[in-house]
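This is what each chain is made of:
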Amino acid sequence: MSKIIAMIPARLGSQRVPKKNLRLLNGKPLISYVIETAISTGIFNGVYVNTEAGIIGEVAQKYGAKFYKRPEEFATNTSGNDGFAYDFINNVEGDILIQILPTSPLLSKDEIKSFVSEMVNKEYDTLVSVVNHQIACVYDGKPVNFKLLEPHISSQLMKPVQSYATALMGWTYKSFINNMKRFGFAYHGADSKIGYFVLEGLSEIDIDEEKDFELAENALQYMNNLNKKKIEYYGE
């Protein structure tokens, strides 16, 4: 049976929102949400927070995760995902690495379990979480999923365009190491067997800016009151 490791990367420094991984969201540190959710799945052989900062490591251990101290060279604003993930893989034993971003606090236990299940059952080397955009899309001024010389198509009939969610990323250790040795990068999967996993609803919320914290706060309040809400319509 494969040894599946969860890694939550978290630098102390953040340019757009200072110390965002420690920022309180509804009274708890932002990073605590994914730690607790990952542990609650019961599917990981280890849940690690990968950080250079002792204070984030302290929070990790408080909420039940292990603290992996990242070398300072992988903790700068220009450090790429490939570098710190490769360092982690070379130092923590496992077969499959599931990366969970702390900036996606509303990821659910079921979504994480489904993501891992899909990677294992379909034997993907790399699995990327994505978001569907089922509407007419353009790139560099050119249509992506429609034609200019055709009638308007209802968005519900359009083939969705997918963008990276990055909340969840999965790699087999073997494939990641192989791609790093061959190409010097592995994040997108290179020429390995790659799959794409669709996230929906509130799990799409990704905290990058101040306004995202406000959105997440409102979403948490909405979730807490969901069972109390009554669906009503004008005229009834």
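Details of the structure are given in the entry above.
Residues numbered from 1 in each chain as written. Predicted model: local features only at pLDDT ≥ 70, side-chain atom pairs only at ≥ 80, totals over all residues. Heavy atoms only, no water.

A. Quick look at the pattern of salt bridges. Applying the stated criterion across every chain, the model contains six salt bridges. Note that Arg-23 and Glu-210 form a salt bridge whose closest N and O atoms lie 2.6 Å from each other. Taken together, the residues Arg-23 in the loop between strand 1 (4-9) and strand 2 (24-25) and Glu-210 in helix 6 (residues 210-225) connect sequence positions 187 residues apart. The class of Arg-23 is partly exposed, set by a relative accessible area of 29%. Its salt-bridge partner being Lys-211, residue Glu-209 comes within 3.9 Å of it at the nearest N-O pair. (Salt bridge = Lys/Arg side-chain N within 4 Å of Asp/Glu carboxyl O. Helix = DSSP H or I, 4+ residues; strand = E, 2+ residues; numbered from the N terminus. Buried < 20%, exposed > 50% of the residue type's maximum accessible area, 1.4 Å probe, protein only.)

B. Fine view of the sheet that holds strand 11 (residues 194-199). The sheet built from seven strands is open, its strands ordered 5-4-1-6-10-7-11 with mixed pairing. A single partner strand is all that each edge strand has here, and the edge strands are strand 5 (66-69) and strand 11. Averaged over all adjacent pairs, the angle separating strand axes in this sheet is 35°, with direction ignored. Relative to strand 10 (residues 161-172), strand 7 (residues 126-133) is paired through seven bridges, and the arrangement is antiparallel. Across the sheet, the residue bridging to Leu-127 is Gly-170, located in strand 10. The strands touched by helix 3 (residues 81-89) are strand 1, strand 4 (46-51), strand 5, strand 6 (96-100) and strand 10; relative to strand 1, the strand with the most contacts, the crossing angle is about 140°. Strands in contact with helix 5 (residues 173-183) are strand 1, strand 6 and strand 10; relative to strand 10, the strand with the most contacts, it is inclined by about 100°. (Pairing = 2+ DSSP bridges. Axes fitted to C-alpha atoms, helices over the stretch in contact; angles between N-to-C directions. Contact = heavy atoms within 4.5 Å.)

C. Region of interest: the packing of helix 3 against helix 5. Packing of helix 3 against helix 5 brings their axes to within 11 Å, and their N-to-C directions diverge by 125°. Between helix 3 and helix 5, the crossing angle belongs to the class labelled oblique. Handedness of the crossing formed by helix 3 with helix 5: left-handed. Within the contact between the two elements, helix 3 uses Asp-82, Ala-85, Tyr-86, Phe-88 and Ile-89 and helix 5 uses Tyr-173, Phe-176, Ile-177, Met-180 and Lys-181. In terms of residue class, the contact of helix 3 with helix 5 is built from eight nonpolar, no polar and two charged. (Parallel < 35°, antiparallel > 145°, perpendicular 65-115°, else oblique. Left-handed = near helix turned anticlockwise from the far one by under 90°. Nonpolar A, V, L, I, M, F, W, Y, C, P; charged D, E, K, R; others polar.)

D. Spotlight on the packing of aromatic side chains. All chains considered together, the criterion is met by seven aromatic pairs. When the ring of Tyr-48 is compared with that of Phe-88, the centres are 5.4 Å apart and the planes differ by 80°; the resulting orientation is edge-to-face. Residue Tyr-48 is located in strand 4, and its partner Phe-88 is located in helix 3; the two are separated by 40 residues in the primary sequence. On the accessibility criterion, Tyr-48 (15% relative accessible area) is buried. Overall, Phe-88 belongs to the buried group, its relative accessible area being 0%. Measuring from centroid to centroid gives 5.4 Å for Phe-115 and Phe-197, while their planes differ by 80°, and the two rings are edge-to-face. Of the two residues, Phe-115 sits in helix 4 (residues 109-121) while Phe-197 sits in strand 11, which places them 82 residues apart along the sequence. Per residue, the accessibility class of Phe-115 equals that of Phe-197, and both read buried. Counting every residue linked through ring pairs, the aromatic cluster contains Tyr-86, Trp-171, Phe-176 and Tyr-187. (Phe/Tyr/Trp six-rings, centres within 6.5 Å; stacked < 30°, edge-to-face > 60°.)

E. Inspection of the environment of Lys-174 at higher detail. Looking at the element boundaries, Lys-174 is found in helix 5. Through-space distance from the C-alpha of Lys-174 to that of Ile-56 is 29 Å; in sequence the pair is 118 residues apart.

F. Structural detail: the pairing of strand 4. The buried fraction of strand 4 is high, at six of six residues. Of the strand pairs in this sheet, strand 1 and strand 4 are connected by five bridges, and their pairing is parallel. Its bridge partner lying in strand 4, Ile-5 is registered against Gly-46. Alignment of strand 4 against strand 5, held across four bridges, turns out to be parallel. Paired with Asn-50 across the strands is Tyr-68, a residue of strand 5. Read from strand 4 through helix 2 (residues 54-62) to strand 5, the crossover connection turns out right-handed. (Right-handed = clockwise from strand over helix to strand, strands pointing away.)

Spatial relationships are all this shows, so hold off on functional conclusions.
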